[in-house]
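Per-entry structural report
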Amino acid sequence: MSERFDGRAPDELRTISITPNFTDMPAASVLVRFGRTTVMCTASIDKSVPRWMDKPGNTRGWVTGEYSMLPGATDPRFRREVHRGGLSGRTQEIQRLIGRSLRAVTDLEKLGPRTIYLDCDVLQADGGTRTASITGAYVALALACEKLLAEALIDEVPLNDSVAAISCGIVEGRALLDLPYVEDSAADVDMNVVMTGSGRLIEVQGTGEEATFSRAELNALLDLAEKGIGELTAMQNDVLPERLHFK
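Residues numbered from 1 in each chain as written. Predicted model: local features only at pLDDT ≥ 70, side-chain atom pairs only at ≥ 80, totals over all residues. Heavy atoms only, no water.

Remarks on the packing of aromatic side chains
Per the counting criterion, the structure on display carries one aromatic pair. Ring centres of Trp 52 and Trp 62 lie 5.0 Å apart, and the angle between their planes is 85°; on these two criteria the pair is classed as edge-to-face. Within this pair, whereas Trp 52 is found in the loop between β3 (37-46) and β4 (62-69), its partner Trp 62 is found in strand β4, the two being separated by 10 residues in sequence. For Trp 52, a relative accessible area of 52% translates into the label exposed. The ring of Phe 78 carries the charged tip of Arg 84 above its face, separated from the ring centre by 4.6 Å. (Phe/Tyr/Trp six-rings, centres within 6.5 Å; stacked < 30°, edge-to-face > 60°. Helix = DSSP H or I, 4+ residues; strand = E, 2+ residues; numbered from the N terminus. Buried < 20%, exposed > 50% of the residue type's maximum accessible area, 1.4 Å probe, protein only. Lys NZ or Arg CZ within 6 Å of the ring centre and 35° of its normal.)

Topic: the UniProt feature "binding site: phosphate" (unreviewed entry) in the protein
Using the residue numbers shown here, the UniProt feature "binding site: phosphate" (unreviewed entry) corresponds to Arg 90, Gly 128, Thr 129 and Arg 130. Across 41 residues in sequence, these annotated residues keep their C-alpha atoms within 13.4 Å of one another, forming a single compact spot. Mapped onto the secondary structure, Arg 90 falls in helix α1 (residues 89-103). Residue classification places Arg 90 among the partly exposed positions, given a relative accessible area of 38%. Apart from residues no more than four positions distant in its own chain, Arg 90 is found in contact with Tyr 67, Met 69, Thr 129 and Arg 130. Relative to the assigned elements, Thr 129 resides in helix α3 (residues 129-150). (UniProt positions renumbered as here; feature names shortened; annotations may be inferred. Contact = heavy atoms within 4.5 Å.)

This is the structure:
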């Protein structure tokens, strides 16, 4: 059986780094790297809620995500979507995924009538940009909530769990974790898994690429994802205050 192109074991993550406080202007910022894939995630706090929520008596807040690929993230250059006439379907789908994933672990009532925007900007793309975005955006969200708490704008952290995401897939008959582009582009089955730190599933996106897969192979991929997300959760906790850790 041949090695992966970078020498990793099938169940091994790429080299991961999570660097908080990467910039100063937003409420929180995180630079996250999954191998060569690099994403800057920032959290900005708005004192209002979306218009559709802004009704008399509303006490709930909102958490949403935005995603973009910077021109130099790929070779050849990625053309800015503003020059294409609007967001692509892929970008809209990833934005919605980020927002759903973060809201799944947020108590919007405890957040209060405000919005936290999570902006995920891909600086370099080499597979797994959406999973890196979710993993980094959660850390930015947690740090923004910590800031609200420190400023006595909320009474308790409005989070009930952590969240991280990872890719996996079947390449040349093998189930592999955390696919870079060279593996992702050759995968027979491609999957993205979003899971809480306590092991609850939020979203599973699995697709056969001109192939099918069995229930046993699905279970093998979920086992890989669970292992990887457990390791990502530990890395998130390493850069977060202990009161933001969830058992």
